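Next come the chains, spelled out residue by residue.
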Amino acid sequence: LEAVKKRQKVLSGFGHRVYKTSDPRSFIIRKVADEVFAVTGRDPLLDTAMALHDAALKDEYFVSRKLAPNVDFWSGLIYRAMGFPMDFFPVLFVVPRVVGWVAHWRQMMLSPSGVKIWRPRQIYVGPSTRDYVPLQERASAVQVGVGLEPSVIEHSGMTKRRKLAESGKVKSKL
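Report follows, based on the coordinates. (Residues numbered from 1 in each chain as written. Predicted model: local features only at pLDDT ≥ 70, side-chain atom pairs only at ≥ 80, totals over all residues. Heavy atoms only, no water.)

So, the overall build of the chain
The test is simple: Comment: elements are numbered from the N terminus, with helices defined as DSSP H or I runs of at least four residues and strands as E runs of at least two. To sort residues, take the accessible area from a 1.4 Å probe on protein chains only and compare it with the maximum for the residue type: under 20% means buried, over 50% means exposed, and anything in between is partly exposed. Only heavy atoms matter for contacts: two residues are in contact if any of them lie within 4.5 Å across the pair. Shrake-Rupley sampling with a 1.4 Å probe provides the accessible areas, and residues are treated as covered by the protein chains on show and by no other component.
When you go through the chain residue by residue, the secondary structure sums to eight helices and zero strands. Residue burial in the chain is summarised as follows: out of 174 residues, 21% are buried. Contacts in the chain between residues at least 24 apart in sequence constitute 62% of all its contacts with a sequence separation of at least 6. As presented, the chain carries roughly 14100 Å² of accessible surface, and 60% of it is formed by carbon and sulfur atoms.

In structure tokens, the structure reads:
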């Protein structure tokens, strides 16, 4: 906690852009987390996370900035208890958000007056028009040569967030 206060480390899973007091969803997922832990058991890292949670809720720095555990804090602990590797976490955090992104896009598309705020900002750079090709006439991936071999992805095991934090190039918002 002291390293977070000195802006040397980033503490993920605390605070929220919209919910300035506490994330109301976190109370619901906390109950789910307790149910999952009852089935999976506790491990030393979970105990550390819970001690961090308790200490942060009592610490003046976090209390004065209204930095309470958010949904990602609890869902990350649930994913770990379920045995997911940490490399899967970004995808697991995004999957539920896709529903909101699609709903937001649909709302914008169906609104006669449009929507003033549109996130995320995107610029389509693909072809403006293409002719429709019936499914039976389309080339298969084998004919095109796409997707025959998995892509090679260099991975150091360090997340981009941690790499940026440790490089000192990015300041924490805490």
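Here's the deal with a nonpolar patch on the surface
Rules: Within the patch definition used here, like charges are joined within 9 Å and nonpolar side chains (Val, Leu, Ile, Met, Phe, Trp, Tyr) within 5 Å, considering only residues with over 30% relative accessible area and no salt bridge. What makes a salt bridge here is a side-chain nitrogen of Lys or Arg within 4 Å of a carboxyl oxygen of Asp or Glu, nothing more.
Taken together, Val94, Val98, Trp101, Val102, Trp105, Met109 and Leu110 make up a surface patch of nonpolar side chains, about 670 Å² in accessible area. Exposure remark for Val102: the relative accessible area of 45% places this residue in the partly exposed category.

A word on helix α5 (residues 71-81)
This is how it is decided: Pairs of N or O atoms are called polar contacts if they sit within 3.5 Å, as long as, within protein, a hydrogen donor faces a hydrogen acceptor (for residues adjacent in sequence, only side-chain-to-side-chain pairs).
Taken across its eleven residues, α5 has eight buried, putting it largely inside the fold. All of the buried residues along α5 are Val71, Phe73, Trp74, Ser75, Gly76, Leu77, Ile78 and Tyr79. On the buried face of α5, the contacting elements are α2 (24-40), α3 (44-58) and α6 (89-110). You can read the cap of α5 off the contacts: a side-chain oxygen lies 3.0 Å from the backbone nitrogen of Asp72, and it is on Asn70. Once α5 ends, the next one or two residues include Gly83, with phi positive near 95°.

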